[in-house]
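A structural walkthrough
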Amino acid sequence: MDRRRPIIGVTRPSVGDLLSYLAIALAIRLAGGRPVRLSSTAWEGVALDGLVLSGGSDVFPKRFQTLPKAGYRYDHPREQMELALLERALAEDLPILGICRGAQLMNVAAGGSLHMDVAERFHPTPYPQHWFRQIHFRKVVSITPGSRLHAILGCERLSVNSIHSQAVDRLGEGLTICAREANGVPQAIERSDRDFCIGVQFHPELLLRRRPFRRLFEALVLAARLPGPSAPPSGRPRTFGLARRITGPTSLRVT
């Protein structure tokens, strides 16, 4: 195995979202990493140095004590996989990047909740609904000075895309909001007790022509390659670059 290219697992929906996966895989390769696709039928025992929780369908609302949408098809197999991966990645202090739905799942897994419909809660929210317009639409977010995200991106204001209808509501334990829109919608979360554990509501993989978004993937790959300044709770030295096997199952289940 090439130690110079850390293995970054990228989760995928059970069906669809190929474009987003290919864009994330490209971003990881450009940053010097090796992307590995993780699906609900092929993930156990895969050796990883880092983890990306990608976008897709809504997180199952019963996980934050909310009724599911009538007739909505939730991806339960994918969610079980991602919760198991997230649990193990946190236990082993692997670098984690959550994108859109991935950031929302990070918050829910930490005991937080979600706004089921951003347009109903925040005003103004002039977000387009058609996927083509969503890709080209831009909005400005403010990044908290002193946050890890701020240190990585190197800016306090950033123009991002808007391909989401939900967002973080009650914040999960250990997480902080590190970017917001002017209307208050949270656009990024992070854990200060980890070297790299960041969730962004926008899709940086679709904005790679701009340097700040490439920096995010470069920082992920660098965190997966190099030892960080901190040690895991067990006191054992970190061993990034030596791919560890993520295994399951986990005790987390849909209820």
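Residues numbered from 1 in each chain as written. Predicted model: local features only at pLDDT ≥ 70, side-chain atom pairs only at ≥ 80, totals over all residues. Heavy atoms only, no water.

**Observations regarding the overall build of the protein chain**
- A count of helical and extended segments in the protein chain gives seven helices and 13 strands.
- Excluding contacts between residues fewer than 6 apart, the proportion of contacts in the protein chain whose partners are at least 24 apart in sequence is 70%. (Helix = DSSP H or I, 4+ residues; strand = E, 2+ residues; numbered from the N terminus. Contact = heavy atoms within 4.5 Å.)

**What about the confidence of the model for the protein chain?**
- Mean pLDDT over the protein chain: 83, with 79% of residues reaching 70 or higher.
- Of the regions scoring below 50 in pLDDT, residues 228-242 engages in 29 contacts with residues more than four places distant in sequence or in other chains.
- Ignoring residues within four places in sequence, the model shows residues 248-255, a span with pLDDT below 50, making 18 contacts including any to other chains. (pLDDT = per-residue confidence, 0-100.)

**Brief notes about helix α3 (residues 101-109)**
- With eight of its nine residues buried, α3 lies for the most part within the structure.
- G111 sits one or two positions beyond α3 and adopts a positive phi of about 95°. (Buried < 20%, exposed > 50% of the residue type's maximum accessible area, 1.4 Å probe, protein only.)

**So, the nonpolar core**
- Membership of the largest hydrophobic core comes to 37 residues, with the highest contact counts inside it found for V52, L149, F196 and F217.
- Take this core: its biggest share by element is eight residues, from helix α7 (residues 211-225).
- Dropping the residues within four chain positions of it, F217 is found in contact with I24, A27, I28, A31, L97, I99, P204, E205 and L208.
- In this structure, I7, L38, L48 and L53 belong to the second largest nonpolar core, which totals 19 residues. (Core = buried A, V, L, I, M, F, W, Y, C linked by side-chain atoms within 4.5 Å.)

**A short note on helix α1 (residues 18-30)**
- Between the first and last C-alpha of α1 there are 18 Å, a value that for 13 residues agrees with the 18 Å anticipated at 1.5 Å per step.
- Along α1, the residues that are buried comprise S20, Y21, A23, I24, A25, A27 and I28.
- Where α1 is buried, its residues contact β1 (7-11), β2 (34-38), β4 (50-53), β5 (96-99) and α7.
- Directly beyond the C-terminal end of α1, a positive phi value near 100° is found at G32. (Expected span 1.5 Å × (residues − 1).)

**Observations concerning the sheet that holds strand β7 (residues 139-143)**
- If you walk across this open sheet you meet the nine strands as β2-β1-β4-β5-β12-β11-β10-β7-β8, and the pairing is mixed. Across the chains shown, the open sheet's two edge strands, defined by having one partner strand only, are β2 and β8 (157-160). For this sheet the average axis-to-axis angle between neighbouring strands, irrespective of direction, equals 20°.
- As judged from the three bridges shared by β1 and β4, these two strands associate in the parallel manner. Directly across from V10, in β4, lies its bridge partner V52.
- Contacting β1, β2, β4 and β5, α1 crosses the sheet at an angle of about 155° to β2.
- On top of the sheet, α7 reaches β1, β4, β5, β8 and β12 (197-200); it is set at about 145° to β5, its chief contact. (Pairing = 2+ DSSP bridges. Axes fitted to C-alpha atoms, helices over the stretch in contact; angles between N-to-C directions.)

**Points about the side chain of N161**
- Summarising the element assignment, N161 is placed in the loop between β8 and β9 (167-168).
- Overall, N161 belongs to the buried group, its relative accessible area being 0%.
- A polar atom in the side chain of N161 sits 2.9 Å from the backbone nitrogen of H203. (Polar contact = N/O pair within 3.5 Å; in protein donor to acceptor, adjacent residues only side chain to side chain.)

**Describing the packing of aromatic side chains**
- All told, the structure shown has three aromatic pairs when counted by the stated rule.
- The interplanar angle of 70° and the centroid separation of 5.4 Å between the aromatic rings of F60 and Y74 together place this pair among those described as edge-to-face. With a gap of 14 residues between them, F60 in the loop between β4 and α2 (76-91) and Y74 in the loop between β4 and α2 connect regions that are remote in the sequence. Here F60 and Y74 have matching classes, each one buried.
- An angle of 80° between the planes, with centres 5.9 Å apart, marks the rings of F202 and F213 as edge-to-face. Here F202, found in the loop between β12 and α7, pairs with F213, found in helix α7; they are eleven residues apart in sequence, far enough to count as distant. Summarising the burial analysis for this pair, F202 and F213 share the class buried.
- Taken together, the ring pairs connect F60, Y72 and Y74 into an aromatic cluster. (Phe/Tyr/Trp six-rings, centres within 6.5 Å; stacked < 30°, edge-to-face > 60°.)

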